Number of protein chains: 2
Amino acid sequence: MSDNVRNDLSDDAGAQASVFAALGDETRLLLVAKLAHRSPQSITQLTTGSKLTRQAISRHLRVLEDVGVVGSARRGRESLFAYRPEPICGIAAYLDLVAKQWDQSLARLKSIVEA
Amino acid sequence: MSDNVRNDLSDDAGAQASVFAALGDETRLLLVAKLAHRSPQSITQLTTGSKLTRQAISRHLRVLEDVGVVGSARRGRESLFAYRPEPICGIAAYLDLVAKQWDQSLARLKSIVEA
DNA sequence: AATTAACGCAACAATTCTGTTGCATATTAA
DNA sequence: TTAATATGCAACAGAATTGTTGCGTTAATT
C-alpha cells in the first residue's frame with residue numbers, strides 16, 4: 001500500500017522533473033507569473049521591464065512551452081503566449097503525494113515509538 | 001488587490017526558483033521521494049540501486065541540502081540525510097498563488113465578456 | 001594493529017545553459 | 001511603395017552542471 005505511493009512517485013519522475021526544471025529559473029518564473037496574471041501577451045510585451053534581450057526572453061518562453069506551462073499562437077506579426085495550468089496542477093499533485101508519503105512515514109515512526 | 005498578489009509572486013521569485021531548480025532533476029527528485037518515504041538514510045544507502053557513483057549522489061544531496069529540502073547530520077562514519085518539508089510547502093503555496101491569480105484572471109475575462 | 005567501510009576534497013572532461021549579436025523574413029502602417 | 005514593427009534563425013563566447021577518478025581522512029571491525 002505504501003509501496004504503491006512510492007511507485008507513483010518514481011514512475012514519471014522524469015516528466016515531472018522537466019516541469020520543475022522549467023520553473024527553476026527566476027526569469028521563467030516571473031514570465032509564468034506575468035502570464036498567469038494576464039494572458040495572452042506578445043514576446044515584446046513580455047520583454048518590457050526585463051534587463052534581458054527579446055531573444056533571451058523568447059528562448060525562455062520556448063523552454064516553458066516545451067513542458068506545456070505556456071502555449072503560443074501566431075496572430076499577425078506577433079506571437080501570443082498564454083498560461084496553461086495543466087502541468088503545474090500536475091506537479092502540485094506530485095508534491096501532495098510527497099507530503100502524504102512523508103506523513104505516513106511520520107505516522108509509522110510514531111507507531112514504532114509508541115509500541 | 002490583484003496587484004498585491006502579483007507582488008507576492010514577484011518578490012521572492014529568486015528563492016522559489018532555487019527550490020524548483022533543485023527538484024528539476026530526475027535523480028534528485030527520486031532522492032527526495034526516497035527520503036520522504038524513509039528517513040534518515042546514509043549516502044551509501046541512497047546510492048544503492050542507482051547507476052551513478054557515490055560521489056555523484058553526494059553532490060546531488062548537497063544541492064538539495066543547499067535549498068533546505070533535505071538536512072544532514074554526521075553519525076559516526078556516515079552522513080545521514082532526512083527529508084525536510086518546509087521548502088516544498090513553500091513552493092506548493094507559491095503554486096497555489098499562481099493558480100489563484102489565474103482564476104482571478106479568468107474571472108476578470110468572464111466579467112468583461114459578460115459586460 | 002591492520003583492514004575494511006563511509007565519506008570528503010579536488011581536478012578533469014564533456015555537456016548543457018544563457019545571453020548576445022547579426023541578419024533574414026513577415027506583417028502592419030504611413 | 002516605403003518604413004517601421006515583431007519575430008525567427010544561427011553562430012558565438014562565457015558560465016554553470018554533471019559525472020568520473022584518484023587520493024586522503026575518519027570510524028568501525030577483526
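Scroll up a little and you will see the structure.
Notes on the structure follow. Quick caveat, the model's predicted, so the values are computed rather than measured.

### Some remarks on the pairing of strand 3 (residues 78-83) of chain B
All names here are of chain B. Note: strand 1 (residues 41-42) against strand 3, two bridges, orientation antiparallel. Looking across to strand 3, one finds that Ser 42 is bridged to Leu 80. Here strand 2 (residues 70-75) runs beside strand 3; their pairing, made up of six bridges, is antiparallel. Its bridge partner being in strand 3, Gly 71 is matched across the sheet by Ala 82. Between strand 2 and the antiparallel strand that follows it, strand 3, lie two residues; Gly 76 among them carries a positive phi value of about 65°.

### Structural notes on the protein's contact with DNA strand C
With respect to spatial proximity, 22 residues lie near DNA strand C, and among them Thr 53 and His 60 of chain A together with Thr 44, Gln 55 and Arg 62 of chain B are the closest. Protein-proximal atoms of DNA strand C, defined as those within 4 Å of the protein, fall in sugar or phosphate at a share of 67%. A distance of 3.3 Å separates a base oxygen of DNA strand C from a polar side-chain atom of Arg 54 of chain B. With respect to DNA strand C, the side chain of Ser 58 of chain B contributes an N or O atom lying 3.4 Å from a phosphate oxygen.

### Regarding the nonpolar core
Counting residues in hydrophobic clusters, the biggest one holds 54 residues, and the most contacted among them are Phe 20 and Leu 23 of chain A together with Phe 20 and Leu 23 of chain B. Residues in contact with Phe 20 of chain B, not counting those within four places in the same chain, are Phe 20, Ala 21, Leu 23, Gly 24, Leu 29 and Ile 91 of chain A together with Ile 91, Tyr 94 and Leu 95 of chain B.

### Thoughts on the environment of Asp 12 of chain B
Topologically, Asp 12 of chain B is positioned in the loop between helix 1 (2-11) and helix 2 (13-23). C-alpha of Asp 12 of chain B to C-alpha of Tyr 94 of chain B: the two residues are 82 residues apart in sequence and 9.9 Å apart in space.

### Structural notes on the packing of aromatic side chains
For the structure on display, the rule yields three aromatic pairs over all chains. When the centroid spacing of 5.7 Å and the interplanar angle of 65° are considered together, the rings of Tyr 83 of chain A and Trp 102 of chain B count as edge-to-face. Residue Tyr 83 of chain A is found in strand 3 (residues 78-83), and its partner Trp 102 of chain B is found in helix 6 (residues 86-114); the two belong to separate chains.

### Describing unusual backbone geometry
The omega torsion of the bond from Ser 39 of chain A to Pro 40 of chain A falls at -5°, within 30 degrees of zero and hence cis. Here Pro 40 of chain A lies in the loop between helix 3 (26-37) and strand 1 (41-42).

### Things to note about the sheet that holds strand 1 of chain A
Residues and elements named next belong to chain A. Across the sheet, which stays open at both edges, the three strands sit in the order 1-3-2 with antiparallel pairing between neighbours. Among the strands making up the open sheet, the edge pair consists of strand 1 and strand 2 (70-75). Sitting on the sheet, helix 3 is in contact with strand 1, strand 2 and strand 3, with an inclination near 85° to strand 3.

### Section: the relation of the copies chain B and chain A
Aligned on chain A, chain B shows an RMSD of 0.1 Å; the corresponding rotation is 180° and the shift along the axis is 0.0 Å. Both chain copies can therefore be described as sitting about a two-fold axis. The fraction of interface residues of chain B whose copies in chain A are also interface residues reaches 100%, indicating that both copies meet through the same surface.

Criteria and cut-off values
Every chain begins its residue count from 1, and numbering advances along the sequence as written. To label them, take the chains in the order written and letter them from A, then take the ligands in the order written and number them from 1. Only residues with pLDDT of at least 70 get local features here, since the model is predicted, and only at 80 or more are side-chain atom pairs given and counted; chain-wide, interface and lining totals rely on the full set of residues. Hydrogens and water molecules were not included; the side-chain quantities draw on all heavy atoms of the structure. At least two bridges found by DSSP between two strands are what make those strands a pair. Secondary structure elements follow DSSP: runs of H or I of four or more residues count as helices, runs of E of two or more count as strands, with numbering from the N terminus. Summary of the distance rule: residues count as near a molecule or strand when at least one heavy atom falls within 4 Å of that molecule or strand. A 3.5 Å cut-off defines polar contacts: any pair of N or O atoms within that distance qualifies, except that in protein one atom must be a possible hydrogen donor and the other a possible acceptor, and neighbouring residues in sequence count only when both atoms are side-chain atoms. Definition used in this section: a nonpolar core is a set of buried Ala, Val, Leu, Ile, Met, Phe, Trp, Tyr and Cys residues joined via side-chain atoms within 4.5 Å. Here the term buried applies to any residue with accessible area under 20% of the maximum for its type, exposed to any over 50%, and partly exposed to those in between, with areas from a 1.4 Å probe on protein chains only. The criterion used for residue contact is that any of the two residues' heavy atoms lie within 4.5 Å. Pairing of aromatic rings covers Phe, Tyr and Trp, the last through its six-membered ring, and needs centres within 6.5 Å; plane angles under 30 degrees mean stacked, over 60 mean edge-to-face, and all others mean tilted. Angles here are taken between N-to-C directions and fall from 0 to 180 degrees, while the axes themselves are lines fitted to C-alpha atoms, restricted in helices to the stretch in contact. Superposing the copies works by least squares over the C-alpha atoms of residues that have pLDDT at least 70 in both of them.

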